Amino acid sequence: ELWDKIKAMCPKVQKKALAVAPTPEEIEKLVCQVASIEMIEKEATEEVCKLIKELFADVPECEARVKELWDQIKAMCPKVQRNALTVAVPTPEEIEKLVCEYASDEIIETEATEEVCKLIKEHFVDVPDCEAMVKELWDKIKAMCPK
């Protein structure tokens, strides 16, 4: 429901552009670009811990645990890419466009939802109805996309 609301807010042009799924290399490049920006890491860590606290429970040392996961993601990025990222930082508009593009892709939503629930179970606790809760969060993200 919320995912559908987010998709509805994204520009129609972006939806058509997603007819061809991104390659794994394109996804890796985008993830590495975003993961390597300290400001985004800090804000995302705070937001993830806030959401975990709202939806599940207060997790001791949440920020440290999320930072550890963030570092694991960055460690998977090619070194050349990580070094190149210190020069080119995407604008907030570029980030919004990418987020809306990927938030509108049902395949990515399904895979990301499964992976998030897997990570929560591995690092925190098994959460009943995790998929439904994460889907609701995706829908909230899509709701922030421009129409």
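Just above sits the structure.
Let me sum up the structure you'll find in this document.

Here is what the cut-offs are and how they apply
Residues numbered from 1 in each chain as written. Predicted model: local features only at pLDDT ≥ 70, side-chain atom pairs only at ≥ 80, totals over all residues. Heavy atoms only, no water. Helix = DSSP H or I, 4+ residues; strand = E, 2+ residues; numbered from the N terminus. Buried < 20%, exposed > 50% of the residue type's maximum accessible area, 1.4 Å probe, protein only. Contact = heavy atoms within 4.5 Å. Areas by Shrake-Rupley, 256 points an atom, 1.4 Å probe, with all protein chains shown as cover. Axes fitted to C-alpha atoms, helices over the stretch in contact; angles between N-to-C directions. Parallel < 35°, antiparallel > 145°, perpendicular 65-115°, else oblique. Left-handed = near helix turned anticlockwise from the far one by under 90°. Nonpolar A, V, L, I, M, F, W, Y, C, P; charged D, E, K, R; others polar. Patch = residues over 30% accessible without salt bridge, like charges linked within 9 Å, V, L, I, M, F, W, Y side chains within 5 Å. Salt bridge = Lys/Arg side-chain N within 4 Å of Asp/Glu carboxyl O. Lys, Arg positive; Asp, Glu negative; His and termini not counted. Charge placed at Lys NZ, Arg CZ, Asp CG, Glu CD. Disulfide = S-S within 2.5 Å. Core = buried A, V, L, I, M, F, W, Y, C linked by side-chain atoms within 4.5 Å. Expected span 1.5 Å × (residues − 1).

## Quick word on the overall build of the protein
So, step 1. Each helix and strand in the protein was counted, giving nine helices and zero strands.
So, step 2. N-terminal to C-terminal, the α/β element order of the protein is α-α-α-α-α-α-α-α-α.
So, step 3. Here the protein holds 147 residues, and the buried ones make up 33% of them.
So, step 4. Considering only contacts within the protein whose residues lie at least 6 apart along the sequence, 82% involve residues at least 24 apart.
So, step 5. Put simply, the protein shows about 9700 Å² of open surface, and 61% of that area lies on carbon and sulfur atoms.

## Examining the packing of helix α4 (residues 38-55) against helix α5 (residues 62-75)
So, step 1. Where α4 meets α5, the closest approach of the two axes is 9 Å, and the angle between their N-to-C directions is 130 degrees. Here α4 is positioned oblique relative to α5, judged by the angle of their axes. The hand of the α4/α5 crossing is right-handed. On α5, the residues that touch Ile 40, Glu 41, Ala 44, Thr 45, Val 48, Cys 49 and Ile 52 of α4 are Cys 62, Glu 63, Val 66, Lys 67, Trp 70, Asp 71 and Lys 74.
So, step 2. For the contact of α4 with α5, the class distribution of residues is eight nonpolar, one polar and five charged.

## Focus: a negative patch on the surface
So, step 1. Taken together, the side chains of Glu 111, Glu 114, Glu 115, Glu 122, Asp 129 and Glu 131 present a region of like negative charge at the surface.
So, step 2. The element best represented in the negative patch is helix α8 (residues 106-123), accounting for four residues.
So, step 3. Along the polypeptide, Glu 131 turns up in helix α9 (residues 130-143).

## Describing the state of the cysteines
So, step 1. For the structure shown, the criterion picks out four disulfides.
So, step 2. The disulfide that involves Cys 32 links it to Cys 77, with 2.0 Å between the sulfurs. In this structure the cystine formed by Cys 32 and Cys 77 twists about its S-S bond by roughly -100 degrees; its chirality is therefore left-handed. Separated by 45 residues along the polypeptide, Cys 32 in helix α3 (residues 24-35) and Cys 77 in the loop between α5 and α6 (79-85) bring together distant segments of the chain. The same class applies to Cys 32 and to Cys 77, which are both buried.
So, step 3. Ordering the disulfide-forming cysteines of the protein by sequence position, one finds them joined as 1-4, 2-3, 5-8, 6-7.

## Quick look at the nonpolar core
So, step 1. In this structure, Ala 103, Ala 112, Cys 117, Ile 120, Val 127, Cys 130, Val 134 and Trp 138 together form the largest nonpolar core, which totals eight residues.
So, step 2. Counting only elements with at least two residues in this core, the list comes to α8 and α9.
So, step 3. With near-sequence residues (within four places) excluded, Val 127 lies in contact with Phe 56, Ile 120 and Met 133.

## Digging into α3
So, step 1. A rise of 1.5 Å per residue sets the reference length of α3, with its twelve residues, at 16 Å; its end C-alpha atoms lie 16 Å apart and thus fit the reference within 8%.
So, step 2. Residues of α3 that are buried include every one of Leu 30, Cys 32 and Ala 35, and no others.

## Quick notes on unusual backbone geometry
So, step 1. One non-glycine residue with positive phi stands out, namely Glu 61, at about 55 degrees.
So, step 2. Positionally, Glu 61 belongs in the loop between α4 and α5.
So, step 3. For Asp 129, which is not glycine, the phi torsion reads 60 degrees and is therefore positive.
So, step 4. Given the relative accessible area of 60%, Asp 129 is considered exposed.

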